[in-house]
Each structure stands twice: as structure tokens, then as C-alpha cells.
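Summary of the model geometry
Here are the chains, one letter per residue:
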Amino acid sequence: MTIRGKDAWGPVLMMGLLQSALIACLPWLIERTGLSAGIWSLVLSAGMVPVLIGAPLWGRVADRRGARPVIGLASALVLAGFGLVLLVLGLNVQGAWAAVFLVLARLAHGAGAGGIFPAAQRLAIAGIGPKDWSYRLSRLQIAVHAGRLAGPALIALATWLGMMTGLFMAGVLAVLLVRGSRSAPVEHEPENGFLHGQPRSRLPWGPGRPFYLMALLLTAWVGSLQFVLGPVLTRIAEVSAEAGSSLTAAA
């Protein structure tokens with residue numbers, strides 16, 4: 001049986017994996033770079049600005065040019081951003097220079113992440129009618145959370161393997177996930193404009209405002225918790241940065 005929509009899974013898995021791996025090892029990142037927890041929270045948050053601005057633009061491009069070119073380019077940007085993070089950590093760059101390069105890395109991540117999900121959603125519902133959209137999109141959401149579980153799992157292993165090894169493994173796995181999605185069967189995408197030949201129209205924002213507000217509040221709450229959890233657990237447990245990262249990954 002052919003599993004439809006799986007060409008969208010790899011990039012969203014990759015995105016969740018890399019983001020959660022960095023969040024999990026935040027105590028070690030603070031020690032490695034000499035940057036405070038506050039600076040690191042700003043560095044990680046910088047990656048969200050291009051997502052906020054770029055996602056609607058990426059969605060338009062996916063409608064006009066097709067989702068597969070968009071998801072390929074967006075995935076390359078996310079991988080490039082993570083590669084720059086690995087380079088900064090591997091060369092043991094510290095202080096202001098580390099902050100500059102890490103912000104650039106996160107901006108590249110955000111620019112790509114803003115395009116992955118709109119394109120992945122389009123691929124996920126390719127070739128099916130609206131009655132089956134919920135099923136396909138729910139599987140795509142499962143892929144996101146599977147990536148968010150995989151990242152901390154690798155960081156937990158890094159206690160024995162070394163933190164740089166764990167992050168490098170995360171990068172290799174991310175590349176394999178993207179390559180695997182490129183080899184998945186290509187499904188017919190909807191015609192430009194809208195699905196099944198229906199005309200495009202501008203959708204109203206008003207009816208969805210309660211859901212947008214709920215998403216905003218939940219994301220802000222979870223993000224705040226993620227940024228403080230690692231340093232707080234490390235301080236309370238009075239353990240090394242690597243052990244603190246493993247505690248964060250488990251949490």
C-alpha cells in the first residue's frame with residue numbers, strides 16, 4: 001500500500017529535530033560559548049522573526065511555483081543554519097563573535113522554517129479532496145512532534161558520546177531525512193490558484209481569531225518554559241552543563 005503524502009514528512013521531521021536538539025542542550029551551549037541564558041534566548045528567538053514574516057510569502061511562492069522546489073530550498077536554508085551553528089561550536093568561538101554568527105545561523109533557520117510547513121501542507125493534501133485533508137494534515141503534525149522527540153533523545157545520548165557528537169549526529173540525521181523525502185513518490189499537485197480548479201479568494205481572518213490567539217498564547221508559554229528550563233534544572237541539580245542538558249532532554 002502506498003503511503004501518500006510522505007514526501008512532506010522528512011523536512012518537518014528535520015525541522016523539529018534540529019530545533020529541539022538545540023533547546024535540549026541549552027545549558028551546554030551557554031557554557032561552550034560564554035553567552036548568558038538571556039543572550040541565548042534572544043539568539044534562538046531571532047530565528048522566529050523570519051518565520052513570522054516569511055511564511056505567507058513562502059506560501060504564495062508554493063502556490064505559484066509548486067511545493068517541491070520551495071520545500072527543497074527551505075530545507076537547504078535550515079540545514080545551512082544548523083551547519084553554521086555546528087561550525088561555531090566546533091571552532092569554540094566565544095563571546096560577541098559567537099553571538100553574531102549564531103544570530104546569522106538562526107536567521108537562516110527561520111527563513112527556511114517559514115517555508116517548510118506551508119509547502120509540506122500543500123504536498124500532504126496533494127491529489128485528494130477536502131474531506132481527507134484532516135487525516136493527511138494530522139499525520140504531518142505527528143511528524144513534527146516525532147522530530148521534537150528525536151532531538152532530545154540524541155542529546156540524552158550525548159552524555160556518553162559527547163555533546164558535539166550528539167549534535168553532529170542530529171545534523172547527519174537531518175540531511176538523511178531531507179534526502180529521503182526527495183526520493184519519495186511525487187504526487188500530483190493542485191493547479192495554481194486553488195485546489196480542484198476552484199477560484200482563489202482572499203480568506204477572512206476574523207472567524208479564526210480565537211484560534212490564532214490560542215496558538216499565540218500556547219507558543220509563547222511553551223517557548224518561555226523551554227528557554228528557562230535547562231539553566232534552572234542545571235542550577236537546582238548542581239550538575240555539569242552536559243548532565244544538565246540530559247536532564248533538560250528528559251524533561
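This text follows the structure it describes.
Below is a summary of the structure that appears in this document. The written sequence of each chain sets the order in which its residues are numbered from 1. Note on the predicted model: pLDDT of at least 70 is required for a residue's local features to be given, and 80 or more for side-chain atom pairs to be given and counted; whole-chain, interface and lining totals, by contrast, use all residues. Only heavy atoms go into the side-chain values, all of them from the structure, while hydrogens and water stay out.

**Structural notes on the overall build of the protein**
When helices and strands are counted, the protein shows 10 helices and zero strands. Strands are runs of DSSP state E lasting at least 2 residues, helices are runs of H or I lasting at least 4, and numbering of each runs from the N terminus. Going from N to C terminus, the protein has its helices and strands arranged as α-α-α-α-α-α-α-α-α-α. A burial count over the protein gives 43% of its 251 residues as buried. Residues count as neighbours in contact if any of their non-hydrogen atoms are within 4.5 Å of one another. Taking as baseline every contact in the protein between residues at least 6 positions apart, the subset at least 24 positions apart corresponds to 80%. Method for areas: the Shrake-Rupley scheme with a 1.4 Å probe, in which residue coverage is limited to the protein chains shown. Only carbon and sulfur atoms are counted for the fraction: they give 69% of the accessible area of the protein, which is about 13400 Å². The classification of residues rests on relative accessible area computed with a 1.4 Å probe and restricted to protein chains. Under 20% of the type maximum is buried, over 50% is exposed, and intermediate values are partly exposed.

**Things to note about empty space enclosed by the protein**
Put simply, the grid is 1 Å and covers the protein atoms alone, a cavity is a trapped set of points that fit a 1.4 Å probe, a pocket is an open set with protein on both sides within 12 Å along at least five of seven lines, and lining residues have an atom within 4 Å of a point. Grid points are joined across faces, edges and corners, and a volume is the space filled by probe spheres set on the points. Here the structure, examined in full by the defined rule, presents two cavities of 30 Å³ or more. Considered as a void within the structure, the second largest cavity measures approximately 30 Å³ in volume. Every residue lining the second largest cavity is listed: Leu22, Gly81, Phe82, Val85, Ala105, Arg106 and His109. When contributions to the lining of the second largest cavity are tallied by element, the ones reaching two or more residues are helix H5 (67–90) and helix H6 (95–124).

**Description of a nonpolar patch on the surface**
By definition, no residue in a patch forms a salt bridge, and every one has over 30% relative accessible area; like charges are joined within 9 Å, nonpolar side chains (Val, Leu, Ile, Met, Phe, Trp, Tyr) within 5 Å. Salt bridges are defined as contacts in which a side-chain nitrogen from Lys or Arg sits within 4 Å of a carboxyl oxygen from Asp or Glu. A contiguous nonpolar surface patch, about 570 Å² in accessible area, is contributed by Trp221, Val222, Leu225, Val228, Val232 and Ile236. In this structure, Trp221 sits in helix H9 (residues 209–237). Among the residues examined, Trp221 registers a relative accessible area of 59% and is labelled exposed.

**Here we look at the packing of H9 against helix H10 (residues 241–250)**
Remark: H9 packs on H10, axes separated minimally by 8 Å, with the N-to-C direction vectors making an angle of 120°. With respect to their mutual orientation, H9 and H10 come out oblique. The two elements H9 and H10 cross, and the hand of that crossing is right-handed. Where H9 abuts H10, its residues Leu229, Gly230, Leu233, Thr234 and Ala237 lie against Ala241, Gly244, Leu247 and Thr248. The residue makeup of the contact of H9 with H10, split by class, is five nonpolar, four polar and no charged. Every axis in this analysis is a line fitted to C-alpha atoms, fitted for helices over the stretch in contact. Angles between the N-to-C directions lie between 0 and 180 degrees. When an angle is under 35 degrees it counts as roughly parallel; over 145 it counts as roughly antiparallel; between 65 and 115 it counts as roughly perpendicular; any other value is oblique. In this scheme the crossing of two helices becomes right-handed for a clockwise turn of the near helix relative to the far one and left-handed for an anticlockwise turn of less than a right angle. Side-chain classes are defined by residue name, with Ala, Val, Leu, Ile, Met, Phe, Trp, Tyr, Cys and Pro counting as nonpolar, Asp, Glu, Lys and Arg as charged, and the others, Gly among them, as polar.

**Here's the deal with the nonpolar core**
In terms of nonpolar packing, the biggest core is built from 56 residues, with Leu18, Trp40, Leu102, Ile155 and Leu167 touching the most fellow members. Look past the residues within four positions of Leu102 in its chain and what remains in contact with it is Thr33, Leu35, Trp40, Val43, Val85 and Val88. In this text, buried Ala, Val, Leu, Ile, Met, Phe, Trp, Tyr and Cys residues form a nonpolar core when linked through side-chain atoms within 4.5 Å.

**A word on the environment of Gly59**
Here Gly59 lies in helix H4 (residues 48–65). Its relative accessible area of 18% is what places Gly59 among the buried residues.

**So, the pattern of salt bridges**
One pass over the full model with this rule turns up two salt bridges. Across the salt bridge formed by Asp63 and Arg122, the nearest N and O atoms sit 2.8 Å from each other. Of this pair, Asp63 sits in helix H4 while Arg122 is found in helix H6, placing the two residues 59 residues apart along the sequence. Arg122 gets classed as buried once you look at its relative accessible area, which sits at 11%.

**Describing H9**
For H9, with 29 residues, the first-to-last C-alpha span of 42 Å sits near the 42 Å given by 1.5 Å per residue. What is called the bend at a residue is the angle between a pair of axes, fitted to the seven residues leading up to and ending at it and to the seven starting from it. Approximately 35° is the largest bend angle found in H9, and it occurs at Leu229, with the proline Pro231 only one to four residues beyond. If you check which residues of H9 are buried, you get Gly223, Phe227, Gly230, Pro231 and Thr234. Backbone geometry just downstream of H9 places Glu238 in the positive-phi region, at approximately 55°. Each residue after the first adds 1.5 Å to the expected span of a helix.

**Structural notes on the side chain of Thr248**
Here Thr248 lies in helix H10. Counting of polar contacts relies on pairs of N or O atoms within 3.5 Å, with two restrictions inside protein: one atom must be capable of donating a hydrogen and the other of accepting it, and residues adjacent in sequence are counted only when both atoms are side-chain atoms. Of note is the side chain of Thr248, whose polar atom sits 2.8 Å from the backbone oxygen of Gly244. Apart from the residues lying within four places of it in its own chain, the contact partners of Thr248 are Ile23, Ala24, Pro27, Leu229, Gly230 and Leu233.

**Observations regarding the packing of aromatic side chains**
Aromatic rings from Phe, Tyr and Trp, with only the six-membered ring used for Trp, were paired whenever their centres fell within 6.5 Å, and each pair was classed as stacked if the ring planes differed by under 30 degrees, edge-to-face if by over 60, and tilted otherwise. Under the counting rule described, the total for this entry stands at one aromatic pair. With 5.9 Å between their ring centres and 25° between their planes, Trp97 and Phe101 make a pair best called stacked. Remark: Phe101 and Trp97 occur in helix H6; sequence separation between them is four residues, near one turn of the helix. According to the relative accessible area criterion, Trp97 is exposed, its value standing at 59%.

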